[in-house]
Amino acid sequence: MMTNQRLEPLLEQYDWATGRLLTRLAGPTSNSGDGSDVDVPALTDAEYLWEPVHACWSVRRRADGPGPGAIKLIGAGEWGRDGAPESPWPPPFTTIAWRLDHISETLLGRANHLGGDRTFDRATYESRPDAAGAIERFRQAAADWRRVLLSVDESDYDRTGLSSYPYGSDAEETFPTIVWWENQEILHHGAEIALLRDLYVHHPQ
């Protein structure tokens, strides 16, 4: 039987990953690794939507249609995220907007399908076109997911299919595997977002 001692390291990793990403997105400072703080300007709308290479996938105005190689814009509302029924190979390069929107959507969806009313549907999800709004959505989504993690009863930790989130393998996974997967999503997309921020500073204006 899984105990909270097995959840603790995953929760600690999650808190570090979300905190680090929020710091890299909104500042005002970040630890450089040597104990000194460096200034971190808040993400701008131009940076959020910056397409550093040709044929990026991003978050786009629905009236403009999907980007190169995309088949549809995921969600509802004025803006949507580039997508396709099957992930293309090689994967398209994605903007900060795409990556942050993807993370937030999975957090909100999994929180709803694990500890909510299980009604979350990508078809009604609305992407944010602005950096400040996207950061705030991620902050709220991260808090929602953390709250759900702490609400799960220990007796259910090893039950397969505890989450009904329909856009992953959750129905076949146990609770710790789902938590681990969401952690690695934040860790690897967060690192990509941080690198894109570093590159944006040096790209020709």
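These numbers come from a predicted model, not from an experiment.

Quick look at the overall build of the protein chain now. A tally of regular secondary structure across the protein chain gives 5 helices and 5 strands. If you list the helices and strands of the protein chain from N to C, you get α-β-β-α-β-β-β-α-α-α. Radius of gyration (C-alpha) of the protein chain: 18 Å, near the 17 Å computed for a compact globule of 205 residues. Overall, the C-alpha framework of the protein chain stretches about 55 × 45 × 30 Å when taken along its three principal axes. Per-residue burial over the protein chain gives 45% buried out of 205 residues. Of the contacts formed within the protein chain by residues at least 6 apart in sequence, a portion of 62% connects residues at least 24 apart.

On to the sheet that holds strand 5 (residues 79-83). Reading across the sheet, the 3 strands line up as 3-5-4 and stay open at both edges, with antiparallel pairing between neighbours. Edge positions in the open sheet fall to strand 3 (59-61) and strand 4 (72-74), since each of these has one partner strand only. Within this sheet the neighbouring strands show an average axis-to-axis angle of 55 degrees, counted without direction. Relative to strand 5, strand 3 runs antiparallel, the two sharing 3 bridges. Bridge pairing links Val 59 to Arg 81 in strand 5. Where helix 3 (residues 96-115) meets the sheet, it contacts strand 3 and strand 5, and its direction lies at approximately 95 degrees from that of strand 5.

Attention now goes to the nonpolar core. Tyr 48, Leu 100, Leu 107, Trp 145 and Phe 175 are the most contacted members of the largest nonpolar core, which has 39 residues in total. Elements represented by at least two residues in this core include exactly helix 1 (4-26), helix 3, helix 4 (131-151) and helix 5 (175-202). The leading source of residues in this core is helix 4, at 9 residues. The residues touching Tyr 48, leaving out its near neighbours within four places in the chain, are Leu 43, Val 59, Thr 95, Ile 96, Ala 97, Leu 100, Arg 128, Pro 129, Asp 130, Ala 131 and Ala 134.

Attention now moves to the packing of aromatic side chains. Tallied over the entire structure, the rule returns 5 aromatic pairs. Relative to Trp 181, the ring of Trp 180 has its centre 6.1 Å away and its plane inclined at 50 degrees; by these criteria the two rings are tilted. Note that Arg 81 overlies the ring of Trp 98, its terminal NZ or CZ placed 5.5 Å from the centroid. When the ring centre of Tyr 167 is taken as reference, the NZ or CZ atom of Arg 122 above it lies at 4.2 Å.

This paragraph deals with the packing of helix 3 against helix 5. Close contact between helix 3 and helix 5 brings their axes to 9 Å; oriented N to C, the two are set at 160 degrees. Relative to helix 5, the element helix 3 is oriented roughly antiparallel. Relative to helix 5, helix 3 is oriented so that their crossing is left-handed. Where helix 3 approaches helix 5, its residues Ile 96, Arg 99, Leu 100, His 102, Ile 103, Thr 106, Leu 107, Arg 110 and Leu 114 are matched on the opposing element by Phe 175, Ile 178, Trp 181, Glu 182, Glu 185, Ile 186, His 189, Gly 190, Glu 192, Ile 193, Leu 196 and Arg 197.

Here we take up the pattern of salt bridges. Considering all chains together, one arrives at 17 salt bridges under this definition. Glu 192 is the salt-bridge partner of Arg 99, the closest N and O atoms lying 2.7 Å from each other. Of the two residues, Arg 99 is situated in helix 3 and Glu 192 in helix 5; the sequence distance between them amounts to 93 residues. Among the salt bridges present, the one from Arg 122 reaches Glu 105, with a minimum N-O distance of 2.9 Å.

Here we take up the pairing of strand 5. With 5 of its 5 residues buried, strand 5 lies for the most part within the structure. In this structure, strand 4 lies alongside strand 5, joined through 3 bridges in antiparallel fashion. Each residue of the ladder has a partner; that of Leu 73, found in strand 5, is Asp 82.

UniProt tags residues 42-193 as "domain: DinB-like" (unreviewed entry). Helix makes up 42% of residues 42-193 and strand makes up 7%, while its end C-alpha atoms are separated by 13 Å.

Procedures and definitions
- Residues numbered from 1 in each chain as written.
- Predicted model: local features only at pLDDT ≥ 70, side-chain atom pairs only at ≥ 80, totals over all residues.
- Heavy atoms only, no water.
- Helix = DSSP H or I, 4+ residues; strand = E, 2+ residues; numbered from the N terminus.
- Rg over C-alpha atoms; globule rule 2.2 N^0.38 Å.
- Buried < 20%, exposed > 50% of the residue type's maximum accessible area, 1.4 Å probe, protein only.
- Contact = heavy atoms within 4.5 Å.
- Pairing = 2+ DSSP bridges.
- Axes fitted to C-alpha atoms, helices over the stretch in contact; angles between N-to-C directions.
- Core = buried A, V, L, I, M, F, W, Y, C linked by side-chain atoms within 4.5 Å.
- Phe/Tyr/Trp six-rings, centres within 6.5 Å; stacked < 30°, edge-to-face > 60°.
- Lys NZ or Arg CZ within 6 Å of the ring centre and 35° of its normal.
- Parallel < 35°, antiparallel > 145°, perpendicular 65-115°, else oblique.
- Left-handed = near helix turned anticlockwise from the far one by under 90°.
- Salt bridge = Lys/Arg side-chain N within 4 Å of Asp/Glu carboxyl O.
- UniProt positions renumbered as here; feature names shortened; annotations may be inferred.

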